[in-house]
Amino acid sequence: MSISKSVKRTDAKEKIRGEARYIGDMAFENPLYLKTVRSTRPHAKILDIHLPDLPEDCFIIDKSHIPGKNRMRTVVSDHPIFAEDEVLYIGQPILLVAGPGRETVYQISQKIRIDYEDLPAVFTLEESENKNQIFTEYSFSKGEPDKAFEQASKIIEDEYRTGLQEHVYLEPQGMAAEVKGDTVFVYGSMQCPFYAEGALTEALNMPADKIRVIQTTTGGAFGGKEEFPSLTACHTAIAAQVTQRPVILIYDRDEDIICSTKRHPALIRYKAGLDDNNRVTVLDIDILYDAGAYTGLSPVVLQRGIFSATNVYNFHHLKVRGRNFRTHTVPSGAFRGFGAPQSIFGTEMLMHNIAVSLGLDPLEFKMKHILKQGDPSCTGGKIHDKVILPELVERALDLSNYRQKIRRKKKFTGTGISLFLHGCGFTGNGEQTIKGKIILRKTKDRVILKVSSVEMGQGADTTLRKIVAYTLDLPIEKVVCEIRDTGLVPDSGPTVASRTIMIVGGLLRTAAKEMKSRWNEGEEFEISKVYHHPDFLEWDNDTFHGNAYPTYSWGVNVADVMIDPVTYNIHIRKITAVYDVGRAIDERALRGQMEGGIVQGAGWAAIEVMKTKEGRLIQHNLTDYKVPTSMDIPEIVCDFINNPYEFGPFGAKCAGELPMTGAPPAVAAAVSNALGIPIKEIPMTPEKLMELDKHED
């Protein structure tokens, strides 16, 4: 039977029956509840904190209780676990109130008064650029861009913008902790248990073997539970140590939105040089991301943004610069696509708008520039694997009836197409650095799979078990996943970067093959494997030269839209999507990933508006932050073309972040065609479209 043939999800029964235990379902003996007191100022000195008299059994926990470093460990560990003398954004945690009931701690938190001295603040990318508030800056080039601009027949300059986006995972952030003997146990909804463990070793000043981080059933994440839970893990662990009682910290939706990380807003400037044949020969790209108040993960988000900036195209001469800027707003962080959707949106719409301005067909114009096997990537690496983008385009055109629709020009009705890719696994040397490890343990006729990659709704448990079961010719029921407990599983890396199937699944496939050959050696033995890059990959992290990724997955989206001629509301009628993800490990699970990502991308493009005013989020719950509902979801036609990757399990490559990238430019191109206007910014609100359309008239 083909590995792609779908099986029943291994977690379906417990979730459908309501038996899965989320963090809110856990019971502790004599617990305390926590409430976070947060900054109400975007940038200010803390002058004094006035506390009320505390009832019995209530506690205040703040910076003075941290035994180790008062910094949340991440790529750049600059975010204080509790504010010190200064706050840099509205929502920054200052202290915790612990007490025996939720109402009690909420009431105490309302009585705490904080005196501030306000300091100057910056709120926009432009203000921050003018003040040179740069966190990180990178650049690289290819060919001879200056000379190519001198020789260009036409120069086109433009800029594109993308907005904030909220993750809207079903289950809000939640964490609990308790101390048992000399060990601190932390339980929570998270993507990366070993990230939290690393943060706890520094905050608690304790060795890792005295800390256990245990993932509970996780109701969605999309990147929002990558680095942020390290902060709440520290909060709960410190509170458990101070009070010597189990503690529980679960955000309601308002608090979750106010303080958790968001997608980086972006401004991307382009200067393109074209030759006499209207081919883009040189491109200068300047990418600006709003990192918010602290750096955190932003350097690596920016790296994926700049390494994806040329999308599926081969520009012979290139300059790319990327900068992260500080603003006094809630920090930006990991989000599905990890910086790539912003830069790919800009480049796709630049190519669309250049073609339209020259009177050319956008798809034909794009196809003249696409990468082929053997071409250099934007960082000077080599596209090692076969590129089947032309086949993906043809399949998408046939399934969507694109050619006929694009000839039928009718105001307020439009069809648009996007081409896109996603680099698989960590950026640059990331996979080599973390050296993800897995363990397979045989116990009689069963196999226990030990990895730190988590199930968070995406189907990882089913697909990883399936890889092992199929390799060993065992029923999937005979392969079980160990609980994600840092005391029980090895660090196979975080559940990010579309790496779970390709990297971790690849290690499991290799280990399972070895186990199959040694099956009769004994009833109990285990095999472990550590990841190593394929030999053909080279990367220089100082110059950003070489293969930024082991391989790429590719996609094509076609969007059909109608615009209400009175309200200018966008009705996305249909999205046709065709992907090359190597080979599907489970087609139904993969289809679910793709359809969900398409809806999330379309929502970011057309519906989801999130703005700040003087550092304060205007939208802070699901009443005023609109996301697509079942009534907004278009018809989705999704198809795959196999193009097996030599080093992936059964040929699989990355998949989970790919669909987030393709929908926004496809929908924007369709709206552009429907109204006959260039689209340069998302979200496309009705007000903006009306203004642009009237201006065009």
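Anyway, here's the lowdown on the structure attached to this text.

Reading guide: rules and limits
Residues numbered from 1 in each chain as written. Predicted model: local features only at pLDDT ≥ 70, side-chain atom pairs only at ≥ 80, totals over all residues. Heavy atoms only, no water. Helix = DSSP H or I, 4+ residues; strand = E, 2+ residues; numbered from the N terminus. Rg over C-alpha atoms; globule rule 2.2 N^0.38 Å. Buried < 20%, exposed > 50% of the residue type's maximum accessible area, 1.4 Å probe, protein only. Contact = heavy atoms within 4.5 Å. Lys, Arg positive; Asp, Glu negative; His and termini not counted. Charge placed at Lys NZ, Arg CZ, Asp CG, Glu CD. Disulfide = S-S within 2.5 Å. Salt bridge = Lys/Arg side-chain N within 4 Å of Asp/Glu carboxyl O. Polar contact = N/O pair within 3.5 Å; in protein donor to acceptor, adjacent residues only side chain to side chain. Axes fitted to C-alpha atoms, helices over the stretch in contact; angles between N-to-C directions. Parallel < 35°, antiparallel > 145°, perpendicular 65-115°, else oblique. Left-handed = near helix turned anticlockwise from the far one by under 90°. Pairing = 2+ DSSP bridges.

Some points on the overall build of the protein
Here is step 1: Helix and strand content of the protein: 18 helices and 28 strands.
Here is step 2: Against the compact-globule benchmark of 26 Å for 697 residues, the protein has a radius of gyration of 25 Å, which places it among compact chains.
Here is step 3: Along the longest, intermediate and shortest principal axes, the C-alpha atoms of the protein span 80 × 70 × 50 Å.
Here is step 4: Counting every position in the protein, which comprises 697 residues, the buried fraction comes to 62%.
Here is step 5: Across the protein, every contact between residues at least 6 apart in sequence was considered, and the portion connecting residues at least 24 apart equals 81%.
Here is step 6: Both charge centroids of the protein, one from 83 positive and one from 92 negative side chains, sit 5 Å from each other.

Observations concerning the state of the cysteines
Here is step 1: On inspection of all chains with the given rule, the structure shows 1 disulfide.
Here is step 2: For Cys 378, which is in no disulfide, the shortest distance to another cysteine sulfur is to Cys 424 and amounts to 15 Å.
Here is step 3: Given the relative accessible area of 8%, Cys 378 is considered buried.
Here is step 4: Of all cysteine sulfurs, the one in Cys 192 lies closest to Cys 481, which takes part in no disulfide; the gap is 17 Å.

A few points about the side chain of Glu 608
Here is step 1: Assignment of secondary structure puts Glu 608 in the loop between helix 16 (587–606) and strand 25 (612–613).
Here is step 2: In this structure Glu 608 is buried but unpaired, with Arg 263 as the nearest side chain of opposite charge at 7.8 Å.
Here is step 3: At 3.3 Å, the side chain of Glu 608 and the side chain of Gln 165 are in polar contact.
Here is step 4: With residues up to four places along the chain from it excluded, the contact list for Glu 608 reads Leu 164, Gln 165, Glu 166, Gln 600, Gly 603, Tyr 625, Lys 626, Val 627, Pro 628 and Pro 683.

A closer look at the pattern of salt bridges
Here is step 1: Scanning the model with the defined rule gives 46 salt bridges in all.
Here is step 2: A salt bridge links Asp 286 to Arg 269; the shortest N-O distance between them is 3.6 Å. Pair noted here: Asp 286 is in strand 14 (residues 280–292) and Arg 269 is in strand 13 (residues 266–274), with a separation of 17 residues, a long-range link.
Here is step 3: Owing to a relative accessible area of 9%, Asp 286 belongs among the buried residues under this scheme.
Here is step 4: On the accessibility criterion, Arg 269 (25% relative accessible area) is partly exposed.
Here is step 5: Salt bridges sharing partners connect three or more residues here, namely Glu 126, Glu 129, Glu 137, Glu 159, Arg 161, Arg 269, Asp 286, Arg 321 and Arg 323.

Side note on the packing of helix 5 (residues 193–204) against helix 6 (residues 228–243)
Here is step 1: It is at 9 Å that the axes of helix 5 and helix 6 come closest, and there the two elements cross at 45°. Judged on the interaxial angle alone, helix 6 and helix 5 are oblique. Of the two possible hands of crossing, helix 5 and helix 6 adopt the one that is right-handed. Counting all contacts with helix 5, which are made through Tyr 195, Ala 196, Ala 199, Leu 200, Ala 203 and Leu 204, the residues of helix 6 involved are Ser 230, Ala 233, Cys 234, Ala 237, Ile 238 and Gln 241.

A look at the environment of Pro 42
Here is step 1: Its place among the elements puts Pro 42 in the loop between strand 1 (32–38) and strand 2 (44–50).
Here is step 2: Residues Pro 42 and Gly 423 lie 381 residues apart in sequence; the distance between their C-alpha atoms is 36 Å.
Here is step 3: Setting aside anything within four residues of it in sequence, one finds Pro 42 in contact with Val 87, Leu 88, Tyr 89, Ile 90, Phe 123, His 328 and Glu 614.

Some details on the sheet that holds strand 16 (residues 413–423)
Here is step 1: In spatial order, the strands read 16-23-24-27; together these 4 strands make up an open sheet with mixed pairing. Strand pairing shows two members of the sheet lacking a second neighbour, strand 16 and strand 27 (635–640), which therefore form its edges. Across the sheet, the mean angle from the axis of one strand to that of its neighbour is 15°, orientation sign disregarded.
Here is step 2: The pairing of strand 23 (residues 552–563) with strand 24 (residues 570–580) spans 10 bridges and is antiparallel. Bridge assignment links Asn 557 to a residue of strand 24, and that residue is Ala 577.

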